Amino acid sequence: MSTSASAIERRFGDGGPSGEGAADNEFIRRILSRKTVRRYSDVMPSDSLLELLVAAALSASAKSDFQQASILRVSDPAQRAAIGKLFPSMPWIGFSPVFFVFLGDARRLQRIGELRGKPVRNGTLEGFFNASVDAALAMQTLILCAESVGLGICPISVIRNEIDKVATILELPDMVFPVAGLCLGYPQAEGYVSLRLPRRVTTHRDRYDDSGLPAAIDDYDRRRDALHSIPPQQHRSNAEFGEAAFYGWSEDKARQAAKAEGAAFPPYLRSHGFSFD
């Protein structure tokens, strides 16, 4: 079995295509083996390396060349502490060596229209979506580049749950919004490769088909539990839903999704320049 095939098996374990026959590629193999890192050493990545990573991130694809991503590095200790205090269950937000916030920036295109005397109205749903995707592509590009030089990362989407407070701390203007934060640093300890859903439910050909979802999810839950079971103290909402006879990934995610997150995000956006027309 090739190194890439081994990495695919470790990532999915679904008995699907192994990639055998394709030329081995170190970059692809590294992506297949990537991990989320929440514990970091005290070594600070150099500014020159961070500048290189940001340049790479801003080289990502951009919708119509509008370039509606902006990247904010939060280095002020008071700002870092204030954001970290909002999410006490995630101390790595305040303590990681580096913390970036990836911004959807619909403001810049709006201002360019004003500068050139054109009626640009970028607060639509399309404008929001385009800026969000640009920021997400930039973040993923930085993630992959950072991991290629030995850094570890942890994306932080929860900052949108406290959008009013985070935006105030970061002094964000209208039409600029956080898509996610990103903790970054040299890993203190090895993480683990998280088992992904079987590809037969996440990949399709010619038409969408989820008829096999129930059996595939049951199988995935059991295989994932055998590798990394969710400890009882992390079971969600037992008071509301009761204790599950078997608490697997799907039970956990169904309980998490039953309580909608980000309720403050839409009204914040509407009050800061977005109409979503």
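On a predicted model such as this, the values are computed, not experimentally measured, just so you know.

Visitor: Give a description of the pattern of salt bridges that names residues and reports values.
Guide: Applying the stated criterion to the full structure yields 14 salt bridges. Measuring nitrogen to oxygen at the nearest pair gives 2.8 Å for the salt bridge that ties arginine 199 to aspartate 14. Taken together, the residues arginine 199 in helix α9 (residues 199–202) and aspartate 14 in the loop between α1 (3–12) and α2 (26–32) connect sequence positions 185 residues apart. For the pair arginine 199 and aspartate 14, one class covers both residues: buried. Taking the shortest distance from any N to any O, the salt bridge between aspartate 219 and arginine 200 comes out at 3.7 Å. Of this pair, aspartate 219 sits in helix α10 (residues 213–227) while arginine 200 sits in helix α9, and the two are 19 residues apart along the sequence.

Visitor: Tell me what's going on with the sheet that holds strand β2 (residues 98–105), and back it up with residues and numbers.
Guide: The strand order β1-β2-β4-β3 describes an open sheet built from 4 strands, whose pairing is antiparallel. Every interior strand has two partners, whereas the edge strands, β1 (69–73) and β3 (152–156), have only one. Going from strand to strand, the sheet's axes swing by 25 degrees on average, the running direction of each strand aside. In this structure, β1 lies alongside β2, joined through 5 bridges in antiparallel fashion. If you follow leucine 72 over to β2, its bridge partner there is valine 101. Of the strands in this sheet, β1, β2 and β4 (176–185) touch helix α3 (residues 47–57), which is tilted by about 165 degrees from β1.

Visitor: Describe the nonpolar core, listing the residues and the values that go with them.
Guide: By size, the foremost hydrophobic cluster in this structure holds 52 residues, and its most contacted members are Ile93, Leu142, Ile156 and Leu184. When residues of this core are traced back to their parent elements, those giving at least two are α3, α5 (92–95), β2, α7 (125–148), β3, α8 (163–170), β4 and α13 (265–270). Apart from residues no more than four positions distant in its own chain, isoleucine 93 is found in contact with Arg80, Ile83, Gly84, Phe87, Phe99, Ile156, Val158 and Cys183.

Visitor: Could you give an account of the side chain of serine 4, with specific residues and numbers?
Guide: Within the secondary structure, serine 4 sits in helix α1. For serine 4, the residues in contact, after removing those within four places along its chain, are Asp24, Asn25, Arg29 and Leu32.

Visitor: Tell me about the side chain of serine 132, and please be specific about residues and values.
Guide: By the element assignment, serine 132 lies in helix α7. With near-sequence residues (within four places) excluded, serine 132 lies in contact with Phe177 and Val179.

Visitor: Outline the state of the cysteines, supporting the account with residue identities and numerical values.
Guide: The final tally for this structure, using the stated rule, is 0 disulfides. Here cysteine 145 stays free of any disulfide, with the sulfur of cysteine 154 as its closest cysteine sulfur at 18 Å. Note on cysteine 145: relative accessible area 25%, which makes it partly exposed. According to the relative accessible area criterion, cysteine 154 is buried, its value standing at 3%.

What counts as what
- Residues numbered from 1 in each chain as written.
- Predicted model: local features only at pLDDT ≥ 70, side-chain atom pairs only at ≥ 80, totals over all residues.
- Heavy atoms only, no water.
- Salt bridge = Lys/Arg side-chain N within 4 Å of Asp/Glu carboxyl O.
- Helix = DSSP H or I, 4+ residues; strand = E, 2+ residues; numbered from the N terminus.
- Buried < 20%, exposed > 50% of the residue type's maximum accessible area, 1.4 Å probe, protein only.
- Pairing = 2+ DSSP bridges.
- Axes fitted to C-alpha atoms, helices over the stretch in contact; angles between N-to-C directions.
- Contact = heavy atoms within 4.5 Å.
- Core = buried A, V, L, I, M, F, W, Y, C linked by side-chain atoms within 4.5 Å.
- Disulfide = S-S within 2.5 Å.

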